Amino acid sequence: MNRETQSAATASTLSDARHLVGTVVRPRWREHQRIGLGYLGIALFALGIGAFLSLLMRVHRVLPALSLPFLGVSRPEDYLAWVTMHGTLMVFFVLTVAPLSGFANLVLPEQLGSRTMALPLVNKVALWLTALALLVLLAAFFVPGGIPIGGWSAYPPLSVLPDAGPGQATGMDLWLLSLAIFCIASTLGAVNLVVTVIRCRCAGMTYERMPLTVWSWLVTSLLTVLAFSVLLAALVMLFCDRHLGTAFFVPSLTWVSGAVQQRVGGGSPLLWLHLFWFFGHPEVYIAILPGMGLVTMLLGTFARRRIIGYRLMIGTTWLIGVLGLLVWGHHMFVAGLNPFAGTAFEVSTMAIALPSTAKVLNWLVILWRSRPKMQTPMLWALGFVSIFVTGGLTGPILAQPALDSYLHNTFFVVGHFHLIMAMAALFGIFAGVAYWFPLMTGRMLSERLGRWHFWWTVFFAYNTFFPMLLTGLSGEPRHYAQLDGLAGVAGALVRSTLPLERHITASAILLATGQLLWVANVIRSWRRGQPATPNSWLSTTMEWAPQDTDLICHRAPCEYGLPSQPADHRAVFADTDESGAPFLPQWATEPTAE
């Protein structure tokens, strides 16, 4: 058989496999995929509650005297309780669970050419512990005193003292117990992912051939083990301070609510700050790194381009992870750090901009003069790049101790945080759902609803969070429950931000409302969506390969050519897309001449 004949035969086989339009591919879900769906269900449930609480907070800031159905007129301590629960739900149960545990369980073994996780029992236990942690946290709504009011960072000494405010007794204990369980669950799940990457790769799947999504899950899992182990220790110490009379985080004398609190030993709240932010800053990368890996792969797939500097992208992922462990101190510039320590954390924080910038430049190089297929997953990937760059440009500002001293307690930090971590990570989650939906359900999401949802979300996301940077620059404090009632110059300054605050609140409500389009799209498409072909996006990674045979990986992903390539060069590719661009999946054997 000559080269042309063999190439045609291979292409015909693949084309037959991907053009089965009209035949619904009904995948049989494996156990780890059902676990992944369970994680995504937990994240979606937490997202719904967290988003609802954020809307309550927004409404209270602009209309503090409004009487809400079933809630009445909200008090400032209600606002603080909503802040605590909103932050905890979104940071832990949405941004940690969905990008790592959810998506990795859905496709990680298949991307490695395997059929199962390395530690299936551990994987199952981690899921159930995560669900238990969420139930324990939500139980705080129903105990005397209600939700704790100390915020999601729970700074001592107020988080140590049960009589420091509403919710600081039983509610705070439930918060501690919930996060302790979550730490154990996340660590178990991360260990399972690391072992799976090391031990479950198919023949030919060398480390250099692993997709960047796998690399990002691997680095994120290692970060999870390190960061959550430290947080678990800090939670246990805080529990001991509350109930066993220790004084890790409490000074010997503390004046709270008109009474003196005495402890033997004399601890320091700064110790909690060090331990919490050693976890807290890597948590940003735990949320965002999986999105970076996925977006890089999507840009290559939909632009039909190879990933330029593949090893460099792997290296930048590791650099971001390692440097992410060394920059926690920039959250403490206003806490009284030694000036030399402040300089060290400033330099390390600026250093992390280098690998992040390298990733952005790589994305731009992939897109340069390409003609990407502007389907829904690609739109979300481009939206991720836009939001990440916008939010990322505000990071170096907060890395300067002098500037951070002014901005630290303003809404500038809230805007930066929500752009770079919350919205960018959510855009990555939407990209992942749109990309892998046909693989998991055998049906396509509606492109029309998907585009409406994307443009609605990106428009109102910018309208919600970008103005926060402006109100923060003007000095609006971020810890105030309402903006009226203050006298003097400070009151006039705070009230001057009210027009933008009303704009932010209206945009936030519309942003949340637009997510109903996504819910409707998922439900409708799952039941009656267009049947999907086996390789719906003409991807090259292993999860799209036929799963009924033992797989061998023959090359790195994103092996795409150009339509204008000479015929003798095009012959080395296994198939072409509808534009004539050749591509070669990881599992396909390369056509060779006899």
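These numbers were taken from a predicted model, which means no experiment stands behind them.

## A word on the side chain of His 453
For His 453, the location among the structural elements is in helix α16 (residues 447-473). Judged by relative accessible area, His 453 falls into the buried class, the value being 2%. In terms of polar contacts, His 453 uses its side chain to reach the side chain of Gln 515, at 2.7 Å. His 453 has contacts with Trp 380, Phe 430, Gly 514, Gln 515, Leu 517 and Trp 518, leaving out every residue within four places of it along the chain.

## Let's talk about a nonpolar patch on the surface
Residues Leu 222, Trp 318, Val 322 and Leu 326 make up a contiguous nonpolar surface patch of roughly 330 Å² in combined accessible area. Considering the arrangement of structural elements, one finds Leu 326 in the loop between α9 (310-324) and α10 (339-351).

## Regarding the environment of Thr 187
Residue position: Thr 187 is located in helix α6 (residues 170-199). A C-alpha to C-alpha distance of 6.8 Å links Thr 187 and Phe 228, two positions 41 residues apart in sequence. Non-local contacts of Thr 187, meaning those with residues more than four positions away in its chain, are made with Val 225, Phe 228 and Ser 229. One polar contact links the side chain of Thr 187 to the main-chain carbonyl oxygen of Cys 183, over a distance of 2.8 Å.

## Section: helix α7 (residues 212-243)
Over its 32 residues, α7 extends 46 Å from the first C-alpha to the last, a length consistent with the 46 Å expected when each residue adds 1.5 Å. Looking at the residues trailing α7, positive phi occurs at Gly 245, about 80°.

## Describing the state of the cysteines
This model, assessed by the stated rule, comprises zero disulfides. Residue Cys 200 stays outside any disulfide, its sulfur separated by 11 Å from that of Cys 202, the closest cysteine. Note on Cys 558: no disulfide assigned, nearest cysteine sulfur contributed by Cys 553 at a separation of 12 Å. Judged by its relative accessible area of 1%, Cys 558 is buried.

## Here's the deal with the pattern of salt bridges
Scanning all chains against the criterion turns up 12 salt bridges. A salt bridge links Glu 110 to Arg 30, with the shortest nitrogen-to-oxygen separation between them at 2.7 Å. Here Arg 30 lies in the loop between α1 (3-18) and α2 (31-62) and Glu 110 lies in helix α4 (residues 97-111), a separation of 80 residues in the sequence. Note on accessibility: Glu 110 and Arg 30 belong to one class, buried. A salt bridge links Glu 447 to Arg 451; the shortest N-O distance between them is 3.5 Å. On the criterion of helical spacing, the pair formed by Glu 447 and Arg 451 is a turn pair, its members being four residues apart in helix α16.

Scoring rules and cut-offs
Residues numbered from 1 in each chain as written. Predicted model: local features only at pLDDT ≥ 70, side-chain atom pairs only at ≥ 80, totals over all residues. Heavy atoms only, no water. Helix = DSSP H or I, 4+ residues; strand = E, 2+ residues; numbered from the N terminus. Buried < 20%, exposed > 50% of the residue type's maximum accessible area, 1.4 Å probe, protein only. Polar contact = N/O pair within 3.5 Å; in protein donor to acceptor, adjacent residues only side chain to side chain. Contact = heavy atoms within 4.5 Å. Patch = residues over 30% accessible without salt bridge, like charges linked within 9 Å, V, L, I, M, F, W, Y side chains within 5 Å. Areas by Shrake-Rupley, 256 points an atom, 1.4 Å probe, with all protein chains shown as cover. Salt bridge = Lys/Arg side-chain N within 4 Å of Asp/Glu carboxyl O. Expected span 1.5 Å × (residues − 1). Disulfide = S-S within 2.5 Å.

Limitation: the analysis is restricted to geometry and does not speak to function.
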